[in-house]
Amino acid sequence: MTGKFLRKVLLASLMLLIPLAPISARGEDGDEVTRSLGLSEEQPDGVSRLPRPASLIAENVTVVTADEIARLNAHTVADVLQTVPGVQLDLLQTPGAILLYDILGSSNRHIQVQIDGVPQNFVSSENLAHVGMIPVQMIERIEVINGAASAAWGSALGGVINIVTKSPVTERGAAGLASASIGRKATSDLRGEVTGSSGGFGYYLTGGTIRSDGVVPGNDVDFGHGFGKITYDFIGGAKATLGVDARYADTGIMSSARYDFFETGAVRYLNGYLALQVPLSGRASLEMTGRGGVRDAEDRRGVLSQGLLFFNAQAREVHQGYTAALTLGDARLGVKTGLEFERIGVTQRELVRHVPGSDADLTLTRYSAYANGTVTVGRLSLLPGVRVDHLNLLDDPISATMGATLRLGESTLLRGYAARGYSLPLISFYGSANGQLQHELQQVATVQWGLESTAVPYLWLKGMLFHNNVWNVQDYDYQAGIMRTQRQRRHGVDLELRTSRWHGFALTGAYTFTDGRNPKTGAELDVNQSGPRHAVKGALSYDNAAAGLSCVLTGNYADWNVGPAAHPVATLFDLHVNQKLLPARDTSPELFFSVRNILDAKLYQYEFRQTAPRWFEIGGRFRF
């Protein structure tokens, strides 16, 4: 039996079992699937800038919680995104490495990433945020918006990955965790956290390292990180939060003896913020934040046999920002309006070739005003939004959205929205051959619509159709050495389903189809512009609280539209097992085990940049 046949059988079995599970799920008390949909109104949490229940959000949103992250034995946000519907990574190699990603075919250039409201995108490095260098220990939840979201978030043509960190534990002076794991090629993840509260004061601190000789040759990693948060609750309900985030990573990106080539990179983040939340009345609240920090990036390329560099680009960004937001009303009839200011000082150098336009010193400033509201009449909710940005060096965009949700009974919800959004142009060596900054923004007009339903007992279903028209999309022609702009059209479907638990078992599945075209010629876009044409994700999980055991088997199939020299089609299976040694105790020590890429599948666009082969890791956690 061939490995290819085994992959197809495993994935098909996983997907076929999903609709069968609800038929047998007759003994389950309650239905957490309905609650997670938001139809029951028992789970009011929405997305951070959309403070309303899930049933009153028009966008295609996925939320991943800290408990779900822990079951995956994830190292970084990249491990988590590999399981999120609509999101695709070009590949997963060594934990902590640099990688690319997309949402519904929109590349990472067009996706905004934030941690507690602090942007993570390097505007001088193709607007890339390094999700493989964001550790998961500090994360309370990850909110992923699949599609344009500029009316609330600004530069977010393709979507948003919003990361919310943990709050201090309450009613305990001190609690914490120590965790360690070891795997192939000396790949280790050491981390710890301590948290507590007393009176109105609370604290949360975490730090650790990820190191590896490279699960893939030339992909070694040296990654250190630390995060801290201090909170204070004032009498009267106001709350202040001070946060600091520091990360450093030096990693090998790729190497090839055949082409006598290597590439390495380094990334450093140092960010801080101060936030104040003030309740003004029962139906009004004020939020104010100030943030700042430094981002550094290096990209080094050279001749492998001689160890000589032929390219060495360095970029530094010093950023600061201030926001004030006023929320009036409630989730059913209300508005959230805000003002923002951001300044980013960019310094770029290329130290070897000194290509024209590679050195730059510039300052970007942005003044913004936005308003997003909710108007509910019976079963219909209208969700308008608008944002105006003034940019000193670029065009001034106006972003808008009009969404709606409509209840059909108590178990089915129609949702959809139309929006216009933008992303910043490339501000880098690749973005300008003559040192002049392109002032035209990359823009999108999008429409998404679909439904969510729990009409079938113990089964949650969601389907969304999407259609995106994008223009002024920048594409660098490496052979000609020039930047081109083009129009793109992407449309497709994003499907998800999830079952309730049956004797501890639960199943999830997702399918995303994306058709990307050049609207002028009708030609299909290549993989770097539209992501995989077909993508399937699935997971089979088992939880037994009495035995302290949890297991997750995940599958990820992708069909990338690339040439014959690549391995564009593969299914990656991972297995994660967690066992509490003392199941009856919340602070029980845990052992965990993971095997990644179980079938040792090959997946790559270029033979010198392959996905990681099968590898194992084992570790333990101790809570106190």
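Residues numbered from 1 in each chain as written. Predicted model: local features only at pLDDT ≥ 70, side-chain atom pairs only at ≥ 80, totals over all residues. Heavy atoms only, no water.

Secondary structure summary: the protein contains six helices and 32 strands in total. Looking at the protein as a whole, 54% of its 624 residues are labelled buried. Contacts in the protein between residues far apart in sequence, at least 24 positions, make up 62% of those at least 6 positions apart. Of the roughly 25400 Å² of accessible surface on the protein, a fraction of 60% belongs to carbon and sulfur atoms. (Helix = DSSP H or I, 4+ residues; strand = E, 2+ residues; numbered from the N terminus. Buried < 20%, exposed > 50% of the residue type's maximum accessible area, 1.4 Å probe, protein only. Contact = heavy atoms within 4.5 Å. Areas by Shrake-Rupley, 256 points an atom, 1.4 Å probe, with all protein chains shown as cover.)

For the rest of this paragraph, the subject is a nonpolar patch on the surface. Together, Leu333, Val375, Val377, Leu380, Leu382, Met402, Leu406, Leu408, Leu414 and Leu451 make up a nonpolar patch on the protein surface, roughly 800 Å² of accessible area in all. Mapped onto the nonpolar patch, the elements with two or more residues apiece are strand S18 (360–377), strand S19 (380–391) and strand S20 (398–408). Of note, Leu451 is situated in strand S22 (residues 442–453). The class for Leu451 is partly exposed, based on a relative accessible area of 37%. (Patch = residues over 30% accessible without salt bridge, like charges linked within 9 Å, V, L, I, M, F, W, Y side chains within 5 Å. Salt bridge = Lys/Arg side-chain N within 4 Å of Asp/Glu carboxyl O.)

Attention now moves to the side chain of Arg490. Within the element layout of this structure, Arg490 appears in strand S24 (residues 482–499). It turns out Arg490 is buried and unbridged, and the closest side chain with the opposite charge, Asp102, is 7.8 Å from it. Within the structure, Arg490 has its side chain in polar contact with the side chain of Gln488 (distance 2.6 Å). (Lys, Arg positive; Asp, Glu negative; His and termini not counted. Polar contact = N/O pair within 3.5 Å; in protein donor to acceptor, adjacent residues only side chain to side chain.)

A large share of strand S5 (residues 111–115) lies buried, amounting to five of its five residues. Across the two faces of S5 the burial is the same, with Ile111, Val113 and Ile115 and Gln112 and Gln114 all buried. Taken together, the five bridges between S5 and strand S8 (residues 159–165) define a ladder with parallel strand orientation. By the bridge assignment for S8, Ile111 is matched with Gly159. Alignment of S5 against strand S6 (residues 118–119), held across two bridges, turns out to be antiparallel. Bridge pairing in S6 links Gln114 to Pro119. Between S5 and S6, which pair antiparallel and follow one another directly, the connecting turn spans two residues, one of which, Asp116, has a positive phi of 50 degrees. (Pairing = 2+ DSSP bridges.)

Here we have three strands laid out as an open sheet, ordered S2-S3-S4, and antiparallel in their pairing. The sheet is open, and its two borders are formed by strand S2 (87–89) and strand S4 (106–107), each paired with just one other strand. Here strand S3 (residues 101–103) pairs with S4 via two bridges, running antiparallel. When the sheet's bridge partners are listed, Asp102 is paired in S4 with Ser107.

Under the counting rule described, the total for this entry stands at nine aromatic pairs. Ring centres of Phe261 and Phe310 lie 6.3 Å apart, and the angle between their planes is 35 degrees; on these two criteria the pair is classed as tilted. Of the two residues, Phe261 is situated in strand S14 (residues 261–281) and Phe310 in strand S16 (residues 308–329); the sequence distance between them amounts to 49 residues. The exposure class of Phe310 is partly exposed, given its relative accessible area of 33%. Between Tyr322 and Phe341 the ring centres are 6.4 Å apart and the planes differ by 15 degrees, which places this aromatic pair in the stacked class. Within this pair, whereas Tyr322 is found in strand S16, its partner Phe341 is found in strand S17 (residues 333–350), the two being separated by 19 residues in sequence. A relative accessible area of 14% means that Phe341 is categorised as buried. (Phe/Tyr/Trp six-rings, centres within 6.5 Å; stacked < 30°, edge-to-face > 60°.)

On to the confidence of the model for the protein, then. Summarising the model, the protein shows a mean pLDDT of 87, and 88% of its residues fall at 70 or more. The low-confidence segment residues 1–44 (pLDDT under 50) makes 83 contacts with residues lying over four places distant or belonging to another chain. (pLDDT = per-residue confidence, 0-100.)

What follows is about the environment of Arg71. With respect to the helices and strands, Arg71 occurs in helix H3 (residues 66–71). What makes Arg71 partly exposed here is its relative accessible area of 27%. Through-space distance from the C-alpha of Arg71 to that of Cys551 is 7.3 Å; in sequence the pair is 480 residues apart. Beyond its immediate sequence surroundings of up to four residues, Arg71 is in contact with Asp543, Ser550, Val552, His576 and Asn578.

Within the largest apolar cluster, 37 residues are counted, with the highest numbers of intra-cluster contacts made by Leu81, Tyr101, Ile142, Ile161 and Ile163. Contributions of two or more residues to this core are made by helix H4 (77–81), S2, S3, S5, strand S7 (139–146), S8 and S14. In terms of residues, this core owes the most to one element, H4, which gives four residues. Once you skip the residues sitting within four places of it in the chain, Ile161 turns out to touch Leu81, Tyr101, Ile103, Ile111, Gln112, Val113, Gln114, Ile142 and Glu143. (Core = buried A, V, L, I, M, F, W, Y, C linked by side-chain atoms within 4.5 Å.)

Moving on, we get to the sheet that holds S6. With respect to topology, five strands assemble into an open sheet ordered S1-S7-S8-S5-S6, the strand pairing being mixed. Each of the sheet's edge strands pairs with one partner strand only, and the pair in question is strand S1 (61–65) and S6. Sheet analysis places S7 next to S8, joined by seven bridges and oriented antiparallel. Of the residues in S8, the one forming a bridge with Asn146 is Gly159.

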